[in-house]
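So you can see what is in the structure, the chains are spelled out below.
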Amino acid sequence: MIGYVLANTLSENGFVSRGVCEVDAQYKLLSVTERTKIGREEDQTICYEEQGQKVALPDETYVSMNFWGFHASVFESLRQDFIQFVQDNWSNPKAEFYIPTAVNNMMNHRGLEVTLLPSHDLWYGVTYQEDRGTVARAFQQFIAAGRYPQDLWAQ
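Asker: Give a detailed account of the pairing of strand β4 (residues 46–50), specifying residues and quantitative values.
Answerer: Two strands pair when backbone bridges link them, and strand β3 (residues 29–40) and β4 are joined in this way by two bridges, in the antiparallel orientation. Residue pairing for β4: Gly-39 is matched across the bridge by Cys-47. The antiparallel hairpin formed by β3 and β4 contains five residues in its connecting segment, where Gln-44 sits at a positive phi of about 75°. As judged from the five bridges shared by β4 and strand β5 (residues 53–57), these two strands associate in the antiparallel manner. Bridging across to β5, Tyr-48 finds its partner in Val-55. As consecutive antiparallel partners, β4 and β5 are separated by two residues, and within that stretch Gln-51 has a phi angle of approximately 50°, a positive value.

Written out as structure tokens, the structure is:
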């Protein structure tokens with residue numbers, strides 16, 4: 001899994017959800033917990049909300065942006081977990097099947113081992129309509145620097 005630094009993944013336009021990672025010194029993933037309503041407070045502290053309480057997270061916390069590389073053997077477990085999720089949530093159209101939650105379950109109950117590959121790059125995503133301009137400008141800078149092709153579909 002590519003682990004991004006939390007401070008590099010926030011939106012200036014509202015809260016985000018991230019899989020908050022705990023790793024050991026060799027970057028073995030010990031746990032990944034999906035957290036919602038993550039954002040910067042007025043004092044610049046990054047917090048998420050849990051049961052009505054604000055919980056601070058260090059800026060350098062690694063988070064999952066769902067950039068996983070799975071061995072083929074993992075997909076049967078994911079399929080089984082997804083079937084159970086659908087059975088448990090069939091009447092809740094807003095329920096989400098969080099990959100970090102499924103991975104954490106496999107690590108805890110099925111012996112899955114995951115290595116986090118750290119990234120200190122900025123993450124660009126469109127969580128809110130207002131994020132679009134920031135992302136578009138970043139891609140233009142990547143194109144100008146030769147880091148991204150001018151016409152991706154022509155390649």
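Asker: Can you lay out the packing of helix α1 (residues 74–89) against helix α2 (residues 99–109) for me, pointing to particular residues and giving the numbers?
Answerer: Between α1 and α2, the least distance of the axes is 10 Å, while the angle of their chain directions is 115°. The angle between α1 and α2 falls in the class roughly perpendicular. Judged by the sense of rotation from one axis to the other, the crossing of α1 with α2 is right-handed. Residue-level contacts link Val-74, Ser-77, Leu-78 and Asp-81 of α1 to Ala-102, Asn-105 and Met-106 of α2. For the contact of α1 with α2, the class distribution of residues is four nonpolar, two polar and one charged.

Asker: So what's going on with the pattern of salt bridges? Which residues, and what values?
Answerer: Across all of its chains, the model carries five salt bridges by this definition. In this structure, Glu-76 and Arg-79 form a salt bridge, with 2.9 Å as the shortest nitrogen-oxygen distance. One end of the pair is Glu-76 and the other is Arg-79, both in helix α1 and three residues apart, which spans about a single turn. Residue classification places Glu-76 among the partly exposed residues on the basis of a relative accessible area of 37%.

Calculation notes
Residues numbered from 1 in each chain as written. Predicted model: local features only at pLDDT ≥ 70, side-chain atom pairs only at ≥ 80, totals over all residues. Heavy atoms only, no water. Pairing = 2+ DSSP bridges. Helix = DSSP H or I, 4+ residues; strand = E, 2+ residues; numbered from the N terminus. Axes fitted to C-alpha atoms, helices over the stretch in contact; angles between N-to-C directions. Parallel < 35°, antiparallel > 145°, perpendicular 65-115°, else oblique. Left-handed = near helix turned anticlockwise from the far one by under 90°. Contact = heavy atoms within 4.5 Å. Nonpolar A, V, L, I, M, F, W, Y, C, P; charged D, E, K, R; others polar. Salt bridge = Lys/Arg side-chain N within 4 Å of Asp/Glu carboxyl O. Buried < 20%, exposed > 50% of the residue type's maximum accessible area, 1.4 Å probe, protein only.

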